[in-house]
Amino acid sequence: MRLAGAPAAVGRADGATVAAVFAVALLIVPARLVLKLLPLSLTPANLVSLAAALLWLCAQLTLTLGAAKGANPVRTALFAYFTAMVATFGFSTWGYLDSDELNLSDHAFVLVVASVGIALTVCDGARGHRRLDFLLKTLVIGGAVVSVIGALQFLLSVDVTRFLELPILRYSGEGDSFVLERADLRRVAATTGHPIEFGVTCAMLLPLAVHFATKARLRGEPALRWWACTLLIGLGLMFSVSRSAMLSLLAVGVVLLAGWSGRQRLRALLVAAGFLVLVRLTVPGLLGAIAGLFTNLSNDESIQYRTHDYAVAAQEIGGHFWLGRGLGTWYAPKHQIFDNQYILSMVETGLIGTLAYTALFVVAFYAALRARHLTAEPGARDLGLTLAACLVVPLVGSFTFDLLSFATVTGLSFLLIGAAGALLRAVRADRRGGPAADQLAPSQGSGPTIEVTR
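Since the structure is predicted, the reported quantities are computational estimates derived from the model, not experimental observations.

Asks: Before we go on, may I ask you to explain the nonpolar core in this structure?
Replies: Most often, soluble globular proteins have nonpolar side chains that are buried together. Judged by nonpolar contacts, the single largest core of 113 residues is most densely connected at L136, L139, L208, L286 and L416. Among the elements that make up this core, the one with the highest residue count is helix 6 (residues 195–214) (13 residues). Not counting chain neighbours up to four residues away, the residues in contact with L208 comprise L136, L139, V140, L383, T386, L387, C390 and L416. Core analysis: the second largest hydrophobic core is formed by eight residues, A313, I317, I343 and L344 among them.

Spelled out as structure tokens, the structure:
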């Protein structure tokens, strides 16, 4: 039902505002910089997401703050995931754990609260299409800035992240590996923790940039700024020189091409061809290095390293099949690294936790496509397809690296999960005759009406 009362004031902060602050902190502050004087290693983005979790809880206790309530498949999936993590945490800490593993388990559980909190804040707190657009545009602009940082690292070997070391921050580990090498080329991480994470992050943001560029005319906005963001994020993806990024991009392409019209597919292929020509002319050898990631798999040391630990994983999984050995308890250098999030989840959270983790993205993927199905508005339909393409990236990337061990891509994944739920809520509100003023077109008049659904 709709809450009786006056409409929300123009410019009133909501869940999208908090999530936008989180997005800026997540993307701009280097991932290995954590806050000083805290007992746990928490980044500024972690602190914002924990605050968001508290704000979401407080908002759910009232009927006057505009937080959505009621059924939503994304919210249900988040609750199921959190319940599974609580069960794993309780089971593992009930018995004996080495002190180092117990401390890491506590830390991992705090991060679970933060991740679920930011997803719920977006899902229930982003009031309508305009506010969701605001959040996603913030992500795209942040991604473009990060890509510029990556380009400076790749092309000029200039690391501007050194200027982001604020006095209140310290490095949680090694602070000198933002630039690596592969095939005589630099592999850059920009502000993320690793080049793989940088590439996968760009693959998740690229569909959003394309969406705003192609739908700019519908919104009455200049398209050039969004095409510039698209170009920068695409270049950032290439500069990561990452196999995981390329596979993620392929998955994104499959989803988008399946949903686009024939004309859109042709345009996309022509733009992609032009982009590859540009890369070939400006950075000789880069395309060859990326192609080499897939043409020499049998002799690739990274592939061999990723598969040699299956026997160890099988033994650990057999010992703790249902609930795992504990959140965050399998870590390097004490244990072998599993470059596969599904295997790591099976070891740490068992079958129940792994299914809950996978279901998060599957349900959010469904919610985005469901929103696309329920609306005839072209912008909302395209955004549903775009979010579905973004959310397929973590499902694919979890096969090639331990995704939840990287703060930037984890935070981005949960934020987009919440965005899928928010889009579905907004579309359903439109179908019920919800706030008519809150559409994808440029805003005019008063702000969106407060709505509480049951």
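Let's pick the thread back up.
Asks: What am I meant to see in the layout of surface pockets here?
Replies: The method is simple in principle: a probe with the dimensions of a water molecule rolls over the atoms, and the space it marks as empty is what remains. In this structure, the second largest pocket spans a volume of roughly 1,200 Å³. Taken together, 37 residues form the lining of the second largest pocket, with V210, W260, A268, V271 and A272 sitting closest to its centre. Of all the elements in the fold, those that place two or more residues in the lining of the second largest pocket are helix 6, helix 8 (224–239), helix 9 (243–259), helix 10 (262–282) and helix 11 (286–295). Looking at the lining of the second largest pocket element by element, the count peaks at 10 residues for helix 10. Residue composition of the lining of the second largest pocket, grouped by class: 26 nonpolar, six polar and five charged.

Asks: Any chance you could explain the side chain of T192 here in plain terms?
Replies: When you line up the elements, T192 lands in the loop between strand 4 (185–188) and helix 6. A polar contact of 2.6 Å, which involves the side chain of T192, links it to the backbone oxygen of A189. Engagement of the side chain of T192 in a polar contact is seen with the backbone oxygen of H194, the distance being 3.2 Å.

Asks: How do you make sense of a nonpolar patch on the surface when you look at a structure like this?
Replies: Residues L54, L57 and L61 make up a contiguous nonpolar surface patch of about 340 Å² in total accessible area. Checked against the element boundaries, L54 lands in helix 2 (residues 44–60).

Asks: Is there a simple way to explain helix 3 (residues 73–94) in this structure?
Replies: Think of an α-helix as turning once every 3.6 residues; residues three or four places apart then point the same way. Between the first and last C-alpha of helix 3 there are 31 Å, a value that for 22 residues agrees with the 32 Å anticipated at 1.5 Å per step. All of the buried residues in helix 3 are V74, R75, A77, L78, Y81, A84, M85, T88, F89 and S92. Residues of helix 3 that are buried sit in contact with helix 2, helix 4 (99–125), helix 14 (341–374) and helix 16 (407–431). Its side-chain oxygen at 2.9 Å from the backbone nitrogen of V74, N72 defines the N-terminal cap of helix 3.

Asks: What should I look at first to understand the pattern of salt bridges in this one?
Replies: Close approach of charged atoms allows side chains with opposite charge to pair. As enumerated under the stated definition, the model contains 12 salt bridges in all. Between R131 and D14 there is a salt bridge whose closest N-O contact spans 3.1 Å. Separated by 117 residues along the polypeptide, R131 in helix 5 (residues 128–156) and D14 in the segment before helix 1 (15–28) bring together distant segments of the chain. For the residue pair R131 and D14, the accessibility class agrees, reading buried in each case. Here K137 makes a salt bridge to E221, at a shortest N to O gap of 2.4 Å. Here K137, found in helix 5, pairs with E221, found in the loop between helix 7 (216–219) and helix 8; they are 84 residues apart in sequence, far enough to count as distant. On the accessibility criterion, K137 (17% relative accessible area) is buried. With relative accessibility at 22%, the residue E221 sits in the partly exposed group.

Asks: Help me understand empty space enclosed by the protein, please; the structure alone is not making it clear to me.
Replies: Counting across every chain of the model gives two cavities of 30 Å³ or more. The calculated volume of the largest cavity comes to roughly 50 Å³. As for the largest cavity, its lining consists of A25, L26, V29, P30, A31, L33, T43, P44, A45, A407 and T408. Looking at the lining of the largest cavity, its residues break down into nine nonpolar, two polar and no charged.

Asks: Is there a simple way to think about the environment of I168 in this case?
Replies: With respect to the secondary-structure elements, I168 resides in the loop between helix 5 and strand 2 (169–171). By relative accessible area, I168 is classed as exposed at 52%. I168 has contacts with V34, L35 and K36, leaving out every residue within four places of it along the chain.

Asks: Before we go on, may I ask you to explain the packing of helix 14 against helix 16 in this structure?
Replies: Working note: a packed helix pair is described by the angle between its axes plus the distance between those axes. Where helix 14 meets helix 16, the axes come as close as 9 Å, and the angle between the chain directions of the two elements is 30°. As far as their axial angle goes, helix 16 and helix 14 are roughly parallel. Crossing geometry of helix 14 relative to helix 16 is assigned as left-handed. On helix 16, the residues that touch L360, F361, A364, A367, A368, R370, A371 and L374 of helix 14 are S413, F414, I417, A420, L423, L424, V427, R428 and R431. Classifying every residue of the contact of helix 14 with helix 16 by side-chain character gives 13 nonpolar, one polar and three charged.

Asks: What is the right way to read the environment of R381 from this model?
Replies: Within the secondary structure, R381 sits in helix 15 (residues 378–397). Judged by its relative accessible area of 29%, R381 is partly exposed. Between the C-alpha atom of R381 and that of R370, which follows or precedes it by 11 residues, the distance is 9.5 Å. Reaching out from R381, the side chain makes a polar contact with the backbone oxygen of R372 at a distance of 2.9 Å.

Asks: What is the right way to read the environment of F212 from this model?
Replies: One can find F212 in helix 6. Taking the C-alpha atoms as reference points, F212 and D382, separated by 170 residues in sequence, lie 9.7 Å from one another. If sequence neighbours within four positions are ignored, F212 has contacts with D133, L136, K137, V140, R219 and W226.

Asks: Could you clarify how one ought to interpret the packing of helix 9 against helix 15 in this entry?
Replies: Running from N to C, helix 9 and helix 15 point in directions that differ by 150°, and their axes come no closer than 8 Å. With respect to helix 15, the element helix 9 is oriented roughly antiparallel. Helix 9 and helix 15 meet at a crossing whose hand is right-handed. Of the residues in helix 15, those in contact with L247, S248, A251, V252, V255, L256 and G259 of helix 9 are L385, T386, A388, A389, V392, V393 and V396. For the contact of helix 9 with helix 15, the per-class residue count stands at 11 nonpolar, three polar and no charged.

Thresholds, definitions, all that
- Residues numbered from 1 in each chain as written.
- Predicted model: local features only at pLDDT ≥ 70, side-chain atom pairs only at ≥ 80, totals over all residues.
- Heavy atoms only, no water.
- Core = buried A, V, L, I, M, F, W, Y, C linked by side-chain atoms within 4.5 Å.
- Buried < 20%, exposed > 50% of the residue type's maximum accessible area, 1.4 Å probe, protein only.
- Helix = DSSP H or I, 4+ residues; strand = E, 2+ residues; numbered from the N terminus.
- Contact = heavy atoms within 4.5 Å.
- 1 Å grid on protein atoms, 1.4 Å probe; cavity = no way out; pocket = protein on both sides within 12 Å on 5 of 7 lines; lining within 4 Å.
- Points joined across faces, edges and corners; volume = space filled by probe spheres on them.
- Nonpolar A, V, L, I, M, F, W, Y, C, P; charged D, E, K, R; others polar.
- Polar contact = N/O pair within 3.5 Å; in protein donor to acceptor, adjacent residues only side chain to side chain.
- Patch = residues over 30% accessible without salt bridge, like charges linked within 9 Å, V, L, I, M, F, W, Y side chains within 5 Å.
- Areas by Shrake-Rupley, 256 points an atom, 1.4 Å probe, with all protein chains shown as cover.
- Salt bridge = Lys/Arg side-chain N within 4 Å of Asp/Glu carboxyl O.
- Expected span 1.5 Å × (residues − 1).
- Axes fitted to C-alpha atoms, helices over the stretch in contact; angles between N-to-C directions.
- Parallel < 35°, antiparallel > 145°, perpendicular 65-115°, else oblique.
- Left-handed = near helix turned anticlockwise from the far one by under 90°.

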